[in-house]
Amino acid sequence: MGAREHIIIGAMVRALGAYPSGWRIPGAHADPRTDTAVLRRTAKLAEAAHLDYLFFGDWLATGSDLEVRDPYLLARIDPLSAITYLAGITRRIGLIATANTTYSDPYTLARATASVDALSSGRAGLNLVTGAEPRAAGNHGRDAHWGNEHRYDQATEFIEALRLLWDSWEDDAFVHDRATGRLIDPTRLHSADYNGEHVRVAGALNVVRPVQGHLPIVHAGTALRSRQLAAATADVALVAVPTLAEGVQLSGELRRQTVAAGRAADELRIISPVLPVVAGTQEEAWAIFDQLLALVPLDDGSELSLSPDFPAGRGIRALSQAVGVALGPQALDAVVTRRLAERFSDLGQHLIELVAVRTGRRIGDGERPITLRHLLATHLVPSAAIVGDAGTVADHLQEWFEAGAVDGFNVLTAFHGDQFEAFTTLVIPELQRRGLFREAYEGRTLREHLGLERPANLHAAAREARAAQAELRRA
């Protein structure tokens, strides 16, 4: 397959916006009851820009505590339902849904995903997670969430069983011979017969083999077990790293682990999240992000901050711990002076740098100074935000891609209104001008978009291996 010439770009869809204060921007989408309108508009814009896929994450619980921290998790459409719906109103873009192996049934999930791959003509993908939300256990009739090792051991078996189920029918199993009355070749229908320590399933699956053979499997995470699972079994690894140097290092480690698992290094696509805030000029983009920071809920005496459910750690004390300086009873809108900034820890200096790059504000600037509010909001909302005009955002994507840190990006949208459209109409044409992104779809399936080969049927391959061994014995 070799090195990729074009950047992989997908859209990670969070209808209420990926930045926690995004829904508060005037004109932004703020009502989950009308999420379908966001899904339709996002899908149309993404496909018109020839993006590789739409990506839907998941979270198997809700609660009022999410209102401030992650409001997009409060109420959202089920991912498999979302991609099935969008399969009917799109034609070429890939559609990736998330499922939790801890709380899913392999047969049911294999059936649903093989079905949506057929309905979308081979455009479905599956992001498999093991889960980290303790409330999910109670929502699925369990007393507690499994431990880390148990979850990953089970996930490994789950993926093996899933692929065997998808391969139940060989591609040529339906012979439809009207003369003889033979509809299928029964020798080409296989039971999974998977008996692992954690997963057991008989099969065969009552859906034909997916158009793509196997749906591309995605796995996210940078922890040791996450990297091992991605290297051994996934087609796409989603990794979040803060710096280019760390991205290059992690990418190299993942490639080496992939080879150690018996695969070619380029069989794994490495994708990183990015949150571009885009406008026609750098100053306009700064102003948008400035507004996002100003609207992050903090412990500042507002009515919201005085509510019983308001989370702790959003005031001056939390910022004091972060910057390594006792800030005392200062108001959050107090200006950060040069003298104060010089006493900050390395983390404090990093926060100052982030605010400066993302808002154009400066320490000691009389007109647009950095305040404690800006620093605290930046500390509380870690995001891979790139703020600027089309050239600024394209520069970042190009640098990471050409350095070998990533094969592509999952693009997050701070809020849905005009921000995603700004990315597709400003940044994508700039990448196309540089020869870094396609100007039209070349393939028809998600595997083809990602540059992944269609896998052989596992059951057929095993039969051929047995036949070859038998031939050797006869010889």
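Residues numbered from 1 in each chain as written. Predicted model: local features only at pLDDT ≥ 70, side-chain atom pairs only at ≥ 80, totals over all residues. Heavy atoms only, no water.

A.B. asks: Account for a nonpolar patch on the surface, naming residues and giving values.
C.D. replies: Where nonpolar side chains cluster on the molecular surface, the patch consists of F174, L183 and V208 and spans about 260 Å² of accessible area. Along the chain, F174 falls in strand β5 (residues 174-177). (Patch = residues over 30% accessible without salt bridge, like charges linked within 9 Å, V, L, I, M, F, W, Y side chains within 5 Å. Areas by Shrake-Rupley, 256 points an atom, 1.4 Å probe, with all protein chains shown as cover. Salt bridge = Lys/Arg side-chain N within 4 Å of Asp/Glu carboxyl O. Helix = DSSP H or I, 4+ residues; strand = E, 2+ residues; numbered from the N terminus.)

A.B. asks: I'd love a proper account of the side chain of Q282, names of residues and values included.
C.D. replies: Considering the arrangement of structural elements, one finds Q282 in helix α9 (residues 282-294). A distance of 3.1 Å separates polar atoms of two side chains, one belonging to Q282 and the other to T392. Leave out the neighbours within four places in its chain, and Q282 touches V387, G388, D389 and T392. (Polar contact = N/O pair within 3.5 Å; in protein donor to acceptor, adjacent residues only side chain to side chain. Contact = heavy atoms within 4.5 Å.)

A.B. asks: Account for the UniProt feature "domain: Luciferase-like" (unreviewed entry) in the protein chain, naming residues and giving values.
C.D. replies: Taken from the UniProt record, the annotation "domain: Luciferase-like" (unreviewed entry) applies to residues 34-405. The span residues 34-405 shows a helical share of 41% and a strand share of 13%, and its end C-alpha atoms are spaced 37 Å apart. (UniProt positions renumbered as here; feature names shortened; annotations may be inferred.)

A.B. asks: Lay out helix α10 (residues 316-323) with the relevant residues and their values.
C.D. replies: Of all eight residues in α10, six are buried; the element is thus mostly enclosed. Buried residues of α10: I316, A318, L319, S320, A322 and V323, and no others. Summarising the contacts, the buried residues of α10 are in contact with α12 (346-359) and α13 (372-380). Just beyond α10, the residue with positive phi is G324, at close to 75°. (Buried < 20%, exposed > 50% of the residue type's maximum accessible area, 1.4 Å probe, protein only.)

A.B. asks: I'd love a proper account of the nonpolar core, names of residues and values included.
C.D. replies: Counting 76 residues, the largest nonpolar core has I9, L51, L54, W166, L397, F423 and L431 as its most contacted members. The element best represented in this core is helix α6 (residues 148-166), accounting for nine residues. Discounting residues that sit within four places of it in the chain, F423 has contacts with I9, P276, V278, V393, L397, V411 and I428. (Core = buried A, V, L, I, M, F, W, Y, C linked by side-chain atoms within 4.5 Å.)

A.B. asks: Please provide a residue-by-residue account of the environment of T445, values included.
C.D. replies: With respect to the helices and strands, the residue T445 is situated in the loop between α15 (419-433) and α16 (446-450). Given a relative accessible area of 13%, T445 falls into the buried group. Counting along the chain gives 252 residues from T445 to D193, while the straight-line C-alpha distance between them is 29 Å. Once you skip the residues sitting within four places of it in the chain, T445 turns out to touch S121, G122, V211 and Q212.

A.B. asks: Can you explain the packing of aromatic side chains? Please cite residues and give values.
C.D. replies: Applying the stated criterion to the full structure yields two aromatic pairs. Each ring, one from Y19 and one from F289, has its centre 5.5 Å from the other, and the planes form 70°; the classification is edge-to-face. Of the two residues, Y19 sits in the loop between β1 (8-12) and α1 (35-48) while F289 sits in helix α9, which places them 270 residues apart along the sequence. Neither Y19 nor F289 differs from the other in exposure class; each is buried. Between W169 and F174 the ring centres are 4.7 Å apart and the planes differ by 35°, which places this aromatic pair in the tilted class. Taking relative accessible area as the criterion, W169 reaches 12% and is therefore assigned buried. According to the relative accessible area criterion, F174 is partly exposed, its value standing at 35%. Across the ring face of W146, the terminal group of R142 is positioned such that the distance to the ring centre comes to 4.5 Å. (Phe/Tyr/Trp six-rings, centres within 6.5 Å; stacked < 30°, edge-to-face > 60°. Lys NZ or Arg CZ within 6 Å of the ring centre and 35° of its normal.)

A.B. asks: Describe the packing of helix α3 (residues 79-87) against helix α4 (residues 106-119), naming the residues involved and giving the relevant values.
C.D. replies: Two packed helices can be described by the angle between their axes and the distance between those axes. Axis separation between α3 and α4 bottoms out at 9 Å; the angle between their running directions is 20°. As far as their axial angle goes, α4 and α3 are roughly parallel. By crossing handedness, the relation of α3 to α4 is classed as left-handed. Between α3 and α4, the residues in contact are L80, I83, T84 and A87 and L109, A112, T113, V116 and L119, respectively. (Axes fitted to C-alpha atoms, helices over the stretch in contact; angles between N-to-C directions. Parallel < 35°, antiparallel > 145°, perpendicular 65-115°, else oblique. Left-handed = near helix turned anticlockwise from the far one by under 90°.)

A.B. asks: Quick rundown of the pattern of salt bridges? Include the residues and the values.
C.D. replies: With the rule as written, the count across this model stands at 28 salt bridges. The shortest N-O distance in the salt bridge between R463 and E170 comes to 2.4 Å. Remark: E170 occurs in the loop between α6 and β5 and R463 occurs in helix α17 (residues 458-474); sequence separation between them is 293 residues. With a shortest N-O distance of 2.8 Å, R434 and E430 are connected by a salt bridge. Owing to a relative accessible area of 25%, R434 belongs among the partly exposed residues under this scheme. Judged by its relative accessible area of 15%, E430 is buried.

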